[in-house]
Amino acid sequence: TMQSSGHRFRDVEHHPLLAENDSYDSSSSEADMAERVWFIRDGCGMVCAIMTWLLVVYADFVVTFVMLLPSKDFWYSVINGVLFNCLAVLALSSHLRTMLTDPGAVPKGNATKEYMDNLQLKPGEVIYKCPKCCSIKPERAHHCSICKRCIRKMDHHCPWVNNCVGEKNQRFFVLFTMYIALISAHALVLCGFQFFSCVQGQWTECSDFSPPVTVILMIFLCLEGFLFLTFTAVMFGTQIHSICNDETEIERLKSEKPTWERRLRWEGMKSVFGGQPSLLWINPFAGFRIRRLLLRTKKGGPEFSV
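As the structure is a prediction and not an experimental result, all values here were calculated from the model.

The rules we used
- Residues numbered from 1 in each chain as written.
- Predicted model: local features only at pLDDT ≥ 70, side-chain atom pairs only at ≥ 80, totals over all residues.
- Heavy atoms only, no water.
- Buried < 20%, exposed > 50% of the residue type's maximum accessible area, 1.4 Å probe, protein only.
- Helix = DSSP H or I, 4+ residues; strand = E, 2+ residues; numbered from the N terminus.
- Pairing = 2+ DSSP bridges.
- Expected span 1.5 Å × (residues − 1).
- UniProt positions renumbered as here; feature names shortened; annotations may be inferred.
- Contact = heavy atoms within 4.5 Å.
- Patch = residues over 30% accessible without salt bridge, like charges linked within 9 Å, V, L, I, M, F, W, Y side chains within 5 Å.
- Areas by Shrake-Rupley, 256 points an atom, 1.4 Å probe, with all protein chains shown as cover.
- Salt bridge = Lys/Arg side-chain N within 4 Å of Asp/Glu carboxyl O.
- Disulfide = S-S within 2.5 Å.

## Concerning the pairing of strand 6 (residues 149-152)
Okay, step 1: Burial of the side chains of strand 6 extends over both faces: Arg149 and Ile151 are buried on one face and Cys150 and Arg152 on the other.
Okay, step 2: Relative to strand 6, strand 5 (residues 141-144) runs antiparallel, the two sharing 4 bridges. Residue His142 lies in a different strand from strand 6, and its bridge partner there is Ile151.

## A closer look at helix 5 (residues 170-200)
Okay, step 1: Across its 31 residues, helix 5 extends 45 Å between first and last C-alpha, which sits within 8% of the 45 Å expected from 1.5 Å per residue.
Okay, step 2: Just downstream of helix 5, Gln202 is the residue with a positive phi angle, here 55°.

## Remarks on the UniProt feature "transmembrane region" (unreviewed entry) in the protein chain
Okay, step 1: Following the UniProt record, the feature "transmembrane region" (unreviewed entry) maps to residues 43-68, 74-92, 172-195 and 215-236 here.
Okay, step 2: Secondary structure over residues 172-195 splits into 100% helix and 0% strand, and the C-alpha atoms at its two ends are 34 Å apart.
Okay, step 3: With 100% helix and 0% strand, residues 215-236 has end C-alpha atoms that lie 31 Å from one another.

## Some points on the side chain of Thr232
Okay, step 1: Along the chain, Thr232 turns up in helix 6 (residues 211-244).
Okay, step 2: Discounting residues that sit within four places of it in the chain, Thr232 has contacts with Thr177, Ile180 and Ala181.

## Comments concerning a nonpolar patch on the surface
Okay, step 1: Residues Phe61, Phe65, Leu69, Phe209 and Val213 make up a contiguous nonpolar surface patch of about 430 Å² in total accessible area.
Okay, step 2: Its location among the elements puts Phe61 in helix 2 (residues 43-68).
Okay, step 3: Looking at Phe61, the relative accessible area reads 35%, which means it is partly exposed.

## Overview of the state of the cysteines
Okay, step 1: One pass over the full model with this rule turns up 1 disulfide.
Okay, step 2: Each disulfide pairs two cysteine sulfurs, and for Cys198 the partner residue is Cys206, the sulfurs being separated by 2.2 Å. Residues Cys198 and Cys206 are joined through a disulfide that is right-handed, its torsion about the S-S bond being 95°.
Okay, step 3: For Cys206, a relative accessible area of 11% corresponds to the buried category.
Okay, step 4: Of all cysteine sulfurs, the one in Cys150 lies closest to Cys133, which takes part in no disulfide; the gap is 3.5 Å.
Okay, step 5: We note that Cys150 lacks a disulfide partner, and the nearest cysteine sulfur, in Cys130, lies 3.5 Å from it.

## Comments concerning unusual backbone geometry
Okay, step 1: Positioned with a positive phi, Cys134 is a non-glycine residue whose angle comes to about 55°.
Okay, step 2: Position of Cys134 among the secondary structure elements: in the loop between strand 3 (128-130) and strand 4 (135-137).
Okay, step 3: Although it is not a glycine, Asp246 sits at a positive phi angle of roughly 50°.
Okay, step 4: With respect to the secondary-structure elements, Asp246 resides in the loop between helix 6 and helix 7 (249-253).
Okay, step 5: With relative accessibility at 5%, the residue Asp246 sits in the buried group.

Structural data, given as structure tokens:
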């Protein structure tokens, strides 16, 4: 907590100068950074993100080349192939948007005397300063030791997406967990049908691979599918529960008493997913602008890493 010129400053999330797109100094580098692509340079997170992609690609390979292409049922192969690959594209797109979207970072180092004076706070008003990144902490913001920033409505830091899950990217994280759970369930169902088909045909012509190789590939896919389905389904349920209760995972674990006015369940969903229910809710491409991304890349490269 800071004191200056007889004033005590407190959390003021809805203060005009602490709005969503706050910038304490228009000439500072923060304004330029806001135009760059967000990316966290964390070794563990980058390895986990790459592993996520490799596991999805492996599942796609087994489903497509081991189970569907050798099938004699043309429409079975086409329908399941299109469905699985569409879900895989949606899952990986959601992963990318979660990883490359600013989760709601508070500008670094904005807790300066000049900025304090510009806030024009009333006597006795209190705000909080984060001693780690020297920024004014809005209400419900928490400091992430990996991102090295205070994140608005920080839920948790997820190494699998190499980013924090916060105010601005929670929707994409929810979609990521949902689509991974769906393709995991789909892969398990296809594995069940394939095992039944192979056993019934005594492993002749059920795959272009030899029976031992086919069994090993499918066993690994079953293990991967079961683990990912369990993990992402639980995470998806936890996220939806948090959104409906207008409470982040950190706030729940710390048993923090809400100092904010909680949204109703449906209002919380509309706040995270944007507007009235529509297909845009499950579309990870909604709001994506390729031209804007290219302009950002030209300006600063794929950076804004912290």
